[in-house]
Amino acid sequence: MAEASYPEDLLYHPEHDWARIDDGDPALATLGITWYAQDALGEVVFFDPPAPGTEVHKDEPYAEVESVKAVSDVVAPFTGEIVEVNESLVDDPGAINEDPYGAGWLVKVRISDPSEREQLLDADAYSAILV
Amino acid sequence: MSAPSTGAPRRTPLYERHLEAGAKIVEFAGWDMPVEYPTGVRAEHMAVRESCGIFDVSHMGQIETVGPQSLQLLQRLLSNDVSKVPVGGAQYSVLCNERGGVLDDLFSYQIDPGRYLTVTNAASHERDLAWFQAHSASEGFTAHVRDRVGDYAMLAVQGPLSREIVQAVSDAPLPERMTAAMRRLSGIEVLVCGTGYTGEDGVELLLDPIDAPALWDELCHRGAVPAGLAARDTLRLEACYHLYGNDLSEQRNPIEAGLGWCCEEQTGFIGSDAVAAAREQGPAQMLVAFRLEGPGIARQGNQVVGGGVVTSGTLSPSLGVGIGLAYVPAERSSVGSRLEIDVRGKIRRAVVEAKPLYRKGP
């Protein structure tokens, strides 16, 4: 998508990641990178997904996305276990640019400490750190 | 004029054009340069492969060498046999220190009898200039070395349609590959050089900075697609052209870099004894081109398992796989050799490929 956007229904990590808490399951979150992150990186050409079952730790890298120019760590906004990865990105990593909050989601995580969400930012607070 | 080593980055005469086009600007070697335009690096890359791209490379430096002994001075400084460059000719060479380490890689043009223009890399320009001047003075050559950085804007127009596009605005036939000549393009005085850094046919244009925006606009209007430094890098890497600071450095000699072809030791250039010794002994490591066999992208600094290091790496837009250049032990440098590269903790398998990695189809 060409224009910056930060949906209101997401939680944001200052390292330019988002999390969407599942409507029916508060311990399940979908993770991805923000519009700002994909724009800074440029066209994403490679995503090497971690394996389901991998433990991730809040504030630590759990995956890498790469553009032609650079590789960027993706930081976990929550501690937990990866339960699903977006395999379609292996063939179509450009979805991370085209639809970072939709088809460009990276992984789903079973959250081990739901209280960590208190440390994340809402859309307004995240937008404020980008200025 | 000289590039300041500190302070605000310099801007080329086309800076406003890049901003208007929505380019992402990065600082490169002390200059604010467009890294890519909104269409993205892959589209820019393919435009150069399939039609015509235009690059602002005005950050590159120029050194003019004139005087009765300009040839003798350059013969002492440059690795190639400069006496073979006719008036209107171009030549690639490296600049070596006494130990044969590479200080820069350069294109030199004899633009008038006894008058040479040498194009330097932006990051090396000041050092190159000081080297030229120091040796001109200390060795007593009757030659004058002039810093011409800032006197020229430089555009690279590259791709299969580039000559057609530039020819349409030229007052005379364009110079052939590896030659240079003054032409009027859209009425503007331009030194047109049949050289480039993309593996495609094309021209490089040196002109008064004041005229650069008008010529840029005219060539874009005629179909040249603006392309940034990111595409310049993927294109040169597919073509296996060296990038100084990545694949060449003072710690590497031209033999191990695969540049023995542009070294004529019998001319007695500075470092020629060391280069001759390296050629005689055979280098311990060689710079090879590689292609990854699976997914992933090796990057500069990644270690080769068992010895060696990646000096440039990217995803090849033309080939769709990870490619790069790496110094590897000589015994593993032959085409077809298998390599393992430690890409941030993951071992990626690669194979040594013939250069260039990308070759134009029939």
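Quick note: structure is the one above.
Quantities reported herein were computed from a predicted structural model and do not represent experimental measurements.

Thresholds, definitions, all that
- Residues numbered from 1 in each chain as written.
- Chains lettered and ligands numbered in written order.
- Predicted model: local features only at pLDDT ≥ 70, side-chain atom pairs only at ≥ 80, totals over all residues.
- Heavy atoms only, no water.
- Helix = DSSP H or I, 4+ residues; strand = E, 2+ residues; numbered from the N terminus.
- Rg over C-alpha atoms; globule rule 2.2 N^0.38 Å.
- Contact = heavy atoms within 4.5 Å.
- Areas by Shrake-Rupley, 256 points an atom, 1.4 Å probe, with all protein chains shown as cover.
- Lys, Arg positive; Asp, Glu negative; His and termini not counted.
- Charge placed at Lys NZ, Arg CZ, Asp CG, Glu CD.
- Phe/Tyr/Trp six-rings, centres within 6.5 Å; stacked < 30°, edge-to-face > 60°.
- Lys NZ or Arg CZ within 6 Å of the ring centre and 35° of its normal.
- Pairing = 2+ DSSP bridges.
- Axes fitted to C-alpha atoms, helices over the stretch in contact; angles between N-to-C directions.
- Buried area = accessible area lost by both parts, 1.4 Å probe.
- Salt bridge = Lys/Arg side-chain N within 4 Å of Asp/Glu carboxyl O.
- Buried < 20%, exposed > 50% of the residue type's maximum accessible area, 1.4 Å probe, protein only.
- Parallel < 35°, antiparallel > 145°, perpendicular 65-115°, else oblique.
- Left-handed = near helix turned anticlockwise from the far one by under 90°.
- Nonpolar A, V, L, I, M, F, W, Y, C, P; charged D, E, K, R; others polar.

Enquirer: Looking at this structure, how should I read the overall build of chain B?
Expert: Each helix and strand counted, chain B has eight helices and 20 strands in total. The C-alpha radius of gyration computed for chain B amounts to 20 Å, which stays within 12% of the reference 21 Å derived for 362 residues, consistent with globular compactness. Across chain B, contacts joining residues at least 24 apart in sequence account for 65% of those joining residues at least 6 apart. When the accessible surface of chain B is summed, it comes to about 14000 Å², and 52% of that surface belongs to carbon and sulfur atoms. Taking the 33 positively charged and 44 negatively charged side chains of chain B as two groups, their mean positions are separated by 6 Å.

Enquirer: Just checking my understanding: could you explain the packing of aromatic side chains for this structure?
Expert: By convention here, two paired aromatic rings are described through the distance between centres and the angle between planes. Applying the stated criterion across every chain, the model contains eight aromatic pairs over all chains. Here Trp18(A) and Tyr101(A) contribute two aromatic rings whose centre-to-centre distance is 5.9 Å and whose plane-to-plane angle is 55°, an arrangement assigned as tilted. Placement of the pair is Trp18(A) in strand β2 (residues 17-21) and Tyr101(A) in the loop between α3 (95-98) and β9 (107-111), with a sequence separation of 83 residues. Put simply, the rings of Tyr92(B), Phe107(B), Tyr109(B) and Trp261(B) touch in pairs and so form one group of aromatic residues. Of note, Lys108(A) hangs over the ring of Trp105(A), and the distance from its end group to the ring centre comes to 5.1 Å. The ring of Tyr327(B) has Arg252(B) sitting right over it, with the charged end atom 3.7 Å from the ring centre.

Enquirer: Would you take a moment to explain the sheet that holds strand β7 (residues 71-75) of chain A for this structure?
Expert: In any sheet, the strands associate via hydrogen bonds between backbone groups, in a parallel or an antiparallel arrangement. Residues and elements named next belong to chain A. Taken together, three strands build an open sheet; the order of strands is β4-β6-β7 and the sheet is antiparallel. The outermost strands of the open sheet, each flanked by one partner alone, are β4 (44-48) and β7. For this sheet, the mean angle separating the axes of adjacent strands, direction not counted, is 30°. Summarising the sheet, β4 and strand β6 (residues 61-67) pair through four bridges and their orientation is antiparallel. Counterpart to Phe46 in the pairing with β6 is Glu66.

Enquirer: Just checking my understanding: could you explain the interface of chain A and chain B for this structure?
Expert: It is common to give the size of an interface as the accessible area lost on bringing the parts into contact. Each side of the interface is counted separately: chain A has 15 residues, and chain B has 18 residues. The contact between chain A and chain B buries some 1300 Å² in all, and 47% of this surface belongs to carbon and sulfur atoms. The largest per-residue losses of area from chain A upon contact with chain B belong to Glu43(A), Val68(A) and Lys69(A), which jointly make up 44% of the total buried on that side. Between chain A and chain B we count seven salt bridges in total.

Enquirer: How should the pattern of salt bridges be read in this particular structure?
Expert: Oppositely charged side chains may form a pair once their charged atoms are brought near each other. All names here are of chain B. Using the criterion set out here, one finds 34 salt bridges over all chains in the structure. Note that Arg279 and Glu265 form a salt bridge whose closest N and O atoms lie 2.7 Å from each other. On the criterion of sequence distance, the pair formed by Arg279 in helix α8 (residues 272-281) and Glu265 in the loop between α7 (229-238) and α8 is long-range, its members being 14 residues apart. The residue Arg349 makes a salt bridge to Glu293 at a minimum N-O spacing of 3.9 Å. With Arg349 in strand β20 (residues 346-353) and Glu293 in the loop between β15 (285-292) and β16 (303-304), this pair connects stretches of sequence that are 56 residues apart. Each of Glu64, Asp112, Arg115, Arg146, Arg148 and Asp151 takes part in salt bridges that share partners, so that together they form one network.

Enquirer: In this structure, what is going on with the pairing of strand β3 (residues 31-36) of chain B? I would like to understand it.
Expert: For a regular strand, side-chain orientation follows a simple rule: the groups alternate between the two sheet faces. All names here are of chain B. Of all six residues making up β3, six are buried, and the element is well covered by its neighbours. By the bridge criterion, two bridges tie strand β1 (residues 10-11) to β3 in an arrangement that is parallel. Among the inter-strand pairings, Arg10 is bridged to a residue of β3, identified as Trp31. Looking at chain direction, strand β2 (residues 24-28) and β3 are connected through five bridges and run antiparallel. By the bridge assignment, Ile25 is partnered in β3 with Pro34. In sequence, β2 turns back onto β3 through a hairpin of two residues, with Ala29 there showing a positive phi of about 50°.

Enquirer: What should I look at first to understand the packing of helix α2 (residues 41-50) of chain B against α7(B) in this one?
Expert: Each packed pair of helices is defined by two parameters, the angle between the axes and the distance between the axes. Residue and element names in this part refer to chain B. At a minimum axis separation of 8 Å, α2 and α7 run at an interaxial angle of 50°. The angle between α2 and α7 places the two elements in the oblique class. For the pair α2 and α7, the sense of crossing is right-handed. Residues Val41, Glu44, His45, Val48 and Arg49 of α2 form the contact with α7, whose own contacting residues are Ala230, Ala231, Thr234, Leu235 and Glu238. Split by residue class, the contact of α2 with α7 holds five nonpolar, two polar and three charged.

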